[in-house]
Amino acid sequence: MRTLTLDRNPCVLVVETDESLAQNVCLDLKASGYEPVVAVDIATGKHLAAELQPALIVIDRMLPGESGLALCNYFRNIGNRVPVLLLMARDTVEDRVACLESGADDYFLKPYRTEDFLQLVRLYLQPDTSEVEELRFGELVLDLATRRAFRNGRVIDLTMKEYELLKYLMENPRDVLTREQILENVWGYDFLGESNVIEVYIRYLRLKIEDDGEKRLIQTVRGVGYVLREA
């Protein structure tokens with residue numbers, strides 16, 4: 001999908017009904033060099049996403065009439081692969097799983113904190129300066145330009161976070177990576193308390209790259225972490 005920028009700044013679509021919160025988010029994004037656009041309801045969010053093709057979409061999970069999860073799921077179902085961040089009030093295992101299942105790439109917990117939010121935005125909008133065009137492990141190929149994976153000729157669409165996780169594993173084949181290493185290198189920030197977010201993403205990544213009975217490539221090393229290798 002082509003990304004349209006306004007005044008050469010990355011466009012960020014914010015779907016938020018809370019006027020005060022939307023204003024704070026937009027002021028911070030504008031001050032950081034982004035071009036924010038606000039949608040006050042789901043219908044407007046769908047329209048602006050199609051018209052502007054933003055570089056990033058921020059959605060409040062609690063939207064009137066229909067949840068932000070449903071809106072995120074809508075974008076994924078129509079083939080929109082733009083990174084999506086959810087604004088959420090809770091951080092339970094169920095919330096994290098719901099976030100992932102909706103197709104969102106990540107989430108940010110309320111109350112809104114400027115620096116933490118902008119750090120997350122920069123994580124998803126930083127340019128890829130890698131000179132390598134693709135990574136390979138056996139029949140698994142990761143195209144760094146399109147952020148798509150291929151296995152045995154099958155195209156595998158990935159969310160941004162699934163892509164970053166698979167990329168990190170493929171950059172370190174056969175090395176056992178601890179949970180701490182994965183969190184630091186893929187998420188880039190600390191989670192509050194215990195989190196099974198890695199396990200959830202590994203499970204969904206396996207479902208995508210191990211279709212039709214293909215060999216398992218992401219192995220679990222109990223008590224340590226994960227490793228990309230053939231069994």
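Residues numbered from 1 in each chain as written. Predicted model: local features only at pLDDT ≥ 70, side-chain atom pairs only at ≥ 80, totals over all residues. Heavy atoms only, no water.

## Focus: the packing of helix α2 (residues 42-52) against helix α3 (residues 68-77)
Right, on to step 1. α3 packs onto α2 with a crossing angle of 30° between their chain directions and a minimal axis gap of 11 Å. Between α2 and α3, the angle falls in the class roughly parallel. Here α2 runs over α3; the crossing is right-handed. Between α2, through Ile42, Gly45, Lys46 and Ala49, and α3, the contact on the second element is made entirely by Leu71, Tyr74 and Phe75.
Right, on to step 2. Looking at the contact of α2 with α3, its residues break down into five nonpolar, one polar and one charged. (Axes fitted to C-alpha atoms, helices over the stretch in contact; angles between N-to-C directions. Helix = DSSP H or I, 4+ residues; strand = E, 2+ residues; numbered from the N terminus. Parallel < 35°, antiparallel > 145°, perpendicular 65-115°, else oblique. Left-handed = near helix turned anticlockwise from the far one by under 90°. Contact = heavy atoms within 4.5 Å. Nonpolar A, V, L, I, M, F, W, Y, C, P; charged D, E, K, R; others polar.)

## Observations regarding the sheet that holds strand β10 (residues 154-157)
Two strands in a sheet stick together by hydrogen bonds in their backbones, pointing the same way (parallel) or opposite ways (antiparallel).
Right, on to step 1. Ordered in space as β7-β8-β9-β10, the four strands form an open sheet in which the pairing is antiparallel. With one partner strand each, in any of the chains shown, β7 (134-137) and β10 form the two edges of the open sheet. Across the sheet, the mean angle from the axis of one strand to that of its neighbour is 20°, orientation sign disregarded.
Right, on to step 2. Relative to strand β9 (residues 148-151), strand β8 (residues 140-143) runs antiparallel, the two sharing four bridges. By the bridge assignment, aspartate 143 is partnered in β9 with arginine 148.
Right, on to step 3. On the sheet, helix α8 (residues 197-209) packs against β8, β9 and β10 and is oriented at approximately 155° with respect to β10. (Pairing = 2+ DSSP bridges.)

## So, the nonpolar core
Right, on to step 1. In this structure, Leu29, Phe117, Leu142 and Ile182 are the most contacted members of the largest nonpolar core, which totals 52 residues.
Right, on to step 2. Considering each element in turn, this core owes the most residues, eight residues, to α8.
Right, on to step 3. Among the nonpolar cores identified, the runner-up in size contains 25 residues, and Ile57, Phe75, Val82 and Tyr107 belong to it. (Core = buried A, V, L, I, M, F, W, Y, C linked by side-chain atoms within 4.5 Å. Buried < 20%, exposed > 50% of the residue type's maximum accessible area, 1.4 Å probe, protein only.)

## Focus on the packing of aromatic side chains
Right, on to step 1. The tally for this structure, following the rule as stated, stands at four aromatic pairs.
Right, on to step 2. Put simply, the rings of Phe108, Tyr112 and Phe117 pair up and form one aromatic cluster. (Phe/Tyr/Trp six-rings, centres within 6.5 Å; stacked < 30°, edge-to-face > 60°.)

## A look at the environment of alanine 70
Right, on to step 1. Along the chain, alanine 70 falls in helix α3.
Right, on to step 2. On the basis of relative accessibility, which here comes to 25%, the residue alanine 70 falls in the partly exposed class.

## A few points about the pattern of salt bridges
Any two side chains of opposite charge can pair, given that their charged atoms come close.
Right, on to step 1. Using the criterion set out here, one finds 16 salt bridges in the structure.
Right, on to step 2. Across the pair aspartate 106 and lysine 161 runs a salt bridge, and its minimum N-O distance is 3.5 Å. Of this pair, aspartate 106 sits in strand β6 (residues 106-109) while lysine 161 sits in helix α6 (residues 160-171), and the two are 55 residues apart along the sequence. Across this residue pair, the class does not change: aspartate 106 and lysine 161 are buried.
Right, on to step 3. A salt bridge links aspartate 116 to arginine 113, with the nearest nitrogen and oxygen atoms 2.9 Å apart.
Right, on to step 4. Several salt bridges share partner residues, and in doing so they unite Arg61, Arg90 and Asp95 into one network. (Salt bridge = Lys/Arg side-chain N within 4 Å of Asp/Glu carboxyl O.)

## Some remarks on the pairing of β9
Right, on to step 1. Only one face of β9 is buried, namely the one carrying Ala149 and Arg151, since none of Arg148 and Phe150 on the opposite face is buried.
Right, on to step 2. What sits between the antiparallel neighbours β8 and β9 is a turn of four residues, in which arginine 147 has the positive phi angle 60°.
Right, on to step 3. In the sheet, β9 pairs with β10 via four bridges, with the strands oriented antiparallel. Paired with arginine 151 across the two strands is arginine 154, which belongs to β10.
Right, on to step 4. In textbook terms, the turn of a hairpin is the stretch between consecutive antiparallel strands, and for β9 and β10 this stretch comprises two residues, one of which, asparagine 152, has a positive phi near 55°.

## Notes on the sheet that holds strand β13 (residues 225-228)
Right, on to step 1. Pairing in this open sheet of three strands is antiparallel, and the strands run β11-β13-β12 from one edge to the other. Only two strands of the sheet have a single neighbouring strand rather than two, namely β11 (177-178) and β12 (218-221).
Right, on to step 2. Sheet topology places β11 next to β13; two bridges connect them, and they run antiparallel. Bridging across to β13, threonine 178 finds its partner in glycine 225.

## Considerations on unusual backbone geometry
Right, on to step 1. Of note, the bond from lysine 110 into proline 111 is cis; its omega dihedral lies within 30 degrees of zero at 5°.
Right, on to step 2. Positionally, proline 111 belongs in the loop between β6 and α5 (114-125).
Right, on to step 3. A positive phi angle is found at arginine 147, which is not glycine, with a value near 60°.
Right, on to step 4. We note that arginine 174 has phi near 70°; this positive angle belongs to a residue other than glycine.

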